[in-house]
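Each chain is listed here by its residues.
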Amino acid sequence: MGKKLDLPKIWRNCTLVFLIVTCIVVVFMLDLSAWYITPIFLVYLILNAIAFNSYFLGSLGNFYFVSGKTKKAFKYYEKAISKKTKNVSALYAYGTEILKESGRADEALTHLERARKINAKVNMDKNIRLAISSCYWVKGDIDRAINTLESLKSDYSYVNAHVYTTLGYFYILKEDFDKAMEYSKKAIDDNNEHSAAWDNIGQIYFRQKNFEDAKAAFLKALKYRENMVDSLYYLGVIYENEGNSDKAFEYFSKAKKCNVSTLNTITKEQIMEKYTKYDDTIE
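For clarity, every value in this text was computed on a predicted model and none was experimentally measured. (Residues numbered from 1 in each chain as written. Predicted model: local features only at pLDDT ≥ 70, side-chain atom pairs only at ≥ 80, totals over all residues. Heavy atoms only, no water.)

A. A look at the overall build of the chain. Scanning the chain for helices and strands turns up 15 helices and zero strands. At 24 Å, the chain has a C-alpha radius of gyration far larger than the 19 Å of a compact globule built from 283 residues. For the chain, the spread of C-alpha atoms along the principal axes amounts to about 85 × 45 × 30 Å. Residues counted as buried form 43% of the 283 residues belonging to the chain. Partitioning the contacts of the chain with sequence separation of at least 6, the portion at a separation of at least 24 is 51%. (Helix = DSSP H or I, 4+ residues; strand = E, 2+ residues; numbered from the N terminus. Rg over C-alpha atoms; globule rule 2.2 N^0.38 Å. Buried < 20%, exposed > 50% of the residue type's maximum accessible area, 1.4 Å probe, protein only. Contact = heavy atoms within 4.5 Å.)

B. How the structure looks around a positive patch on the surface. Judged by side-chain charge, Lys69, Lys71, Lys72, Lys75, Lys79 and Lys83 come together as a positively charged surface patch. Mapped onto the elements of the fold, Lys79 is located in helix H4 (residues 70–82). (Patch = residues over 30% accessible without salt bridge, like charges linked within 9 Å, V, L, I, M, F, W, Y side chains within 5 Å. Areas by Shrake-Rupley, 256 points an atom, 1.4 Å probe, with all protein chains shown as cover. Salt bridge = Lys/Arg side-chain N within 4 Å of Asp/Glu carboxyl O. Lys, Arg positive; Asp, Glu negative; His and termini not counted. Charge placed at Lys NZ, Arg CZ, Asp CG, Glu CD.)

C. Up close: the side chain of Asn48. Its place among the elements puts Asn48 in helix H2 (residues 37–51). A distance of 2.8 Å separates a polar atom in the side chain of Asn48 from the backbone oxygen of Tyr44. Leave out the neighbours within four places in its chain, and Asn48 touches Trp11 and Asn53. (Polar contact = N/O pair within 3.5 Å; in protein donor to acceptor, adjacent residues only side chain to side chain.)

D. Inspection of the pattern of salt bridges at higher detail. The final tally for this structure, using the stated rule, is 15 salt bridges. When the shortest N-O distance is used, the salt bridge between Lys174 and Asp143 registers 2.8 Å. Placement of Lys174 in the loop between helix H9 (161–173) and helix H10 (177–190) and of Asp143 in helix H8 (residues 142–155) is noted, with a sequence separation of 31 residues between them. Look at Lys174 and you get partly exposed, because its relative accessible area is 42%. We classify Asp143 as partly exposed; its relative accessible area is 43%. A salt bridge links Glu212 to Lys215; its shortest N-O distance comes to 3.9 Å. Here Lys215 and Glu212 lie together in helix H12 (residues 211–224), a separation of three residues that amounts to about one turn. A residue is classified by how much of its surface remains accessible, and Glu212, at 51% relative accessible area, is exposed. Relative accessible area serves as the criterion here: at 12%, Lys215 is assigned to the buried category. By sharing partners, the salt bridges in this structure join Arg116, Asp125, Arg129 and Asp155 into a single network.

Right, dumping it as structure tokens:
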């Protein structure tokens, strides 16, 4: 990643310098009460919010997003983006959310590519490129999705379990099960409790019709995340194939209660098709 300006760090440093200078001038040079510092600093912040309005709007969006108020966050994100914000965190959060919740891969890719272009932080670069790879997956370009993460892996000496797991799943889609297993196990080496990596392994065995090992891997995934919807669904299918209707319905019922996003490997429609097959209350 090339040398780029870290705008938030520059702003924080400038703000700290302004605060120190204000303290020196007010307290030591003008011999005034330290209470004068507060209104001066508030005016400084207000002027910054006006001067860097698009960045400030993005920061408000981030605040509401972290607070769990997604709808309110999106209002500020959209305002910030309309003003061509350079708030990398806002561009990243908005891009990943519209990809996950509504599958708007082309739009998400636009925001994520812009975020990557102006980003100056290593961890954020990794996160952005991971999200970009998912955009290509949703668009159906698995080769480009793989190349994005292989490039990321070669650029850094360390990538986390999320990268290895996602890359592993892309290789599942290519039916390169050796590569898929290799990366999924690397994810588990990095984090033994990474449920998505165990789900990967379950899906590899499932596709190879090794249902006993698949079942064990899916149960391991659910041990670490009980609402792992993909694992719930595939366990239901395995029990269905075994003729165990009660167990199949149990897992399809649990899957029905989970949130399903664009980035899951199964759809809500697939779950409901299986669930309604066993639910005798539905006419």
